[in-house]
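These are the residues of each chain, in order.
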Amino acid sequence: MALPTYASPLERIWHWTYIALCVAIFTFLIAPILVVIPLSFNAEPYFTFTAKMRSFDPEGYSLRWYDTLLTFGMARPDAPRDASWWADVWANARWINAAKNSVIIGIFSTILATVLGTLAALGLSRPEMPFRRVIMAVLISPMIVPIIITATGMFFFYSSACVDSTTTLGRLLAPVLSNNGCLANTYLGVILAHATLGIPFVIITVTATLIGFDQSLNRAAASLGANPRRVFFKVTMPLILPGVISGALFAFVTSFDEVVAVLFIAGPDQQTIPRQMWNGIREQISPAILAVATLLVVFSIALLTTVELLRRRGERLRGLTPA
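Here the structure is a predicted model, which is why all the values come from computation and not from measurement. (Residues numbered from 1 in each chain as written. Predicted model: local features only at pLDDT ≥ 70, side-chain atom pairs only at ≥ 80, totals over all residues. Heavy atoms only, no water.)

## Here we look at the overall build of the chain
Assigned secondary structure in the chain consists of 15 helices and zero strands. A globule of 323 residues ought to have a C-alpha radius of gyration of about 20 Å, yet the chain, at 25 Å, is considerably larger. In terms of principal-axis extent, the alpha carbons of the chain reach across some 80 × 70 × 40 Å. Within the chain, buried positions represent 37% of all 323 residues. In the chain, of all internal contacts separated by at least 6 residues, the share reaching a separation of at least 24 is 59%. When the accessible surface of the chain is totalled, it reaches about 19500 Å², and 70% of it is carbon and sulfur. The distance from the centre of the 23 positive side-chain charges to the centre of the 17 negative ones in the chain is 11 Å. (Helix = DSSP H or I, 4+ residues; strand = E, 2+ residues; numbered from the N terminus. Rg over C-alpha atoms; globule rule 2.2 N^0.38 Å. Buried < 20%, exposed > 50% of the residue type's maximum accessible area, 1.4 Å probe, protein only. Contact = heavy atoms within 4.5 Å. Areas by Shrake-Rupley, 256 points an atom, 1.4 Å probe, with all protein chains shown as cover. Lys, Arg positive; Asp, Glu negative; His and termini not counted. Charge placed at Lys NZ, Arg CZ, Asp CG, Glu CD.)

Right under this line is the structure:
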């Protein structure tokens, strides 16, 4: 934005200083991404820019590390790439299995976090709700408390939350519990842990959407004979849907990116992408990690773009911006 003609010299100096600071901060934040992306195309097994890469020689660039994401852990990586090869990829490739676990855990934890977080936000938005501030502080505490403390508490809780396998409840829950009947080292335990970490994001986004919500719309619908369920699904839900979807996306990203809780709670079968990256750094340092990081950056940009589009749509629905 151009400065007005009557701006003083001091105001002009501050204006350009402010722009320079913003550019410096943006460069500081974006520099790691700008380094990781080109390094993921390195033809050599190094984490540095080779001479061929610096000279933009095509031989210095390769997709070998993206191919490694498909072949690492396969029984026959050198076999012809036919249907059986792709079946081997789907069944045995470690990065693919980690991606499958991340998506499965992310989807179910997002559904659980979205439902519970939306219900909590709706309740906390009502003026007659007692102890709203205390309840809100408790519900968003996983977002504030250091994750190592939360993960440690979850580990001890899930290790002690066991069900006797000889009881009726134990037999019903046997497929989703560990061999000793506990939540630790199970998909259910990881899903519940990720849902706990995702609920605060849903509560915050839905609560922010409800701030601009006109409650007279609900009263008008009720006065016309609509029951509470119909009022919610026909009036409330369409207007707060952008906030609900935004919260769900944040919950999914939180689950997809979480590694500390997985290290404490998950077993060998619940390897997610962040945990596989952690294992790769400890056991076998490979630029394949950079390829995964590049794909995650692209995925995050797509999600953030979706969130921004939903935010603008929500503002248009509430009449805050012109259509």
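## Observations regarding the environment of Ser246
Turning to its location among the elements, Ser246 is positioned in helix H12 (residues 228–257). Taking the C-alpha atoms as reference, Ser246 lies 11 Å from Ile203; in sequence the two are 43 residues apart. Once you skip the residues sitting within four places of it in the chain, Ser246 turns out to touch Thr205, Val307 and Leu310.

## Observations concerning the nonpolar core
Membership of the largest hydrophobic core comes to 17 residues, with the highest contact counts inside it found for Leu69, Trp95, Leu249, Ile273, Met277, Ala291 and Val292. Looking at this core, the elements with two or more residues in it are helix H3 (64–71), helix H5 (94–124), H12, helix H14 (273–283) and helix H15 (288–317). Broken down by element, the residue count for this core peaks at seven residues, all from H15. Three or more residues apiece are contributed to this core by two domains, here domain 2 (40–92) and domain 3 (95–317). Ignoring sequence-local partners within four residues, the contact set of Ile273 consists of Trp95, Ala98, Ala99, Ser102, Phe256, Val292 and Leu296. Counting 16 residues, the second largest nonpolar core, distinct from the first, contains Ile199, Val202, Val206 and Leu210. (Core = buried A, V, L, I, M, F, W, Y, C linked by side-chain atoms within 4.5 Å. Domains from an automatic or database assignment.)

## What to know about the pattern of salt bridges
The final tally for this structure, using the stated rule, is two salt bridges. Measuring nitrogen to oxygen at the nearest pair gives 3.3 Å for the salt bridge that ties Glu59 to Lys52. On the basis of relative accessible area, Glu59 is assigned to the exposed category, the value being 57%. When its relative accessible area of 38% is taken as the criterion, Lys52 is described as partly exposed. With a shortest N-O distance of 2.8 Å, Asp67 and Arg81 are connected by a salt bridge. With Asp67 in helix H3 and Arg81 in the loop between H3 and helix H4 (83–92), this residue pair connects regions lying 14 residues apart in the sequence. Judged by relative accessible area, Asp67 falls into the partly exposed class, the value being 24%. In this structure Arg81 comes out as partly exposed when scored by relative accessible area, which is 46%. (Salt bridge = Lys/Arg side-chain N within 4 Å of Asp/Glu carboxyl O.)

## A word on unusual backbone geometry
It is generally the case that most residues other than glycine have a negative phi and that most peptide bonds are trans. With a phi close to 60°, Phe56 is a non-glycine residue in the positive phi region. Tracing the chain through its elements places Phe56 in the loop between helix H2 (51–54) and H3. Here the phi dihedral of Phe131 falls at roughly 55°; this positive angle occurs in a residue that is not glycine. Structurally, Phe131 is set in the loop between H5 and helix H6 (132–139).

## Things to note about the packing of helix H10 (residues 187–211) against H12
Geometrically, a packed helix pair is captured by the angle between its two axes and the distance between the axes. Here H10 crosses H12 at 155°, and the two axes come no closer than 8 Å. As far as their axial angle goes, H12 and H10 are roughly antiparallel. Viewed along their axes, H10 and H12 form a crossing whose handedness is right-handed. In this structure, H10 uses His194, Leu197, Gly198, Phe201, Val202, Thr205, Val206, Thr209 and Leu210 to contact H12, whose residues at the interface are Leu239, Ile240, Gly243, Val244, Ser246, Gly247, Ala248, Phe250, Ala251, Thr254 and Ser255. Considering only residue class, the contact of H10 with H12 consists of eleven nonpolar, nine polar and no charged. (Axes fitted to C-alpha atoms, helices over the stretch in contact; angles between N-to-C directions. Parallel < 35°, antiparallel > 145°, perpendicular 65-115°, else oblique. Left-handed = near helix turned anticlockwise from the far one by under 90°. Nonpolar A, V, L, I, M, F, W, Y, C, P; charged D, E, K, R; others polar.)

## So, the packing of aromatic side chains
Enumeration over the complete set of coordinates arrives at eleven aromatic pairs. For the ring pair Phe256 and Phe299, a centre distance of 5.3 Å and an interplane angle of 40° mean the geometry is tilted. Here Phe299 lies in helix H15 and Phe256 lies in helix H12, a separation of 43 residues in the sequence. We classify Phe256 as buried; its relative accessible area is 12%. (Phe/Tyr/Trp six-rings, centres within 6.5 Å; stacked < 30°, edge-to-face > 60°.)

## Focus: the side chain of Thr254
Position of Thr254 among the secondary structure elements: in helix H12. With a relative accessible area of 18%, Thr254 lands in the buried category. Side-chain polar atoms of Thr254 contact the backbone oxygen of Phe250, separated by 2.8 Å. Excluding its chain neighbours within four sequence positions, the residues that come into contact with Thr254 are Leu197 and Phe201. (Polar contact = N/O pair within 3.5 Å; in protein donor to acceptor, adjacent residues only side chain to side chain.)

## Points about the UniProt feature "transmembrane region" (unreviewed entry) in the chain
Per the UniProt record, "transmembrane region" (unreviewed entry) is found at residues 18–41, 103–122, 134–158, 187–213, 239–265 and 285–310. The distance from the first to the last C-alpha atom of residues 103–122 is 28 Å, and the span holds 100% helix and 0% strand. (UniProt positions renumbered as here; feature names shortened; annotations may be inferred.)

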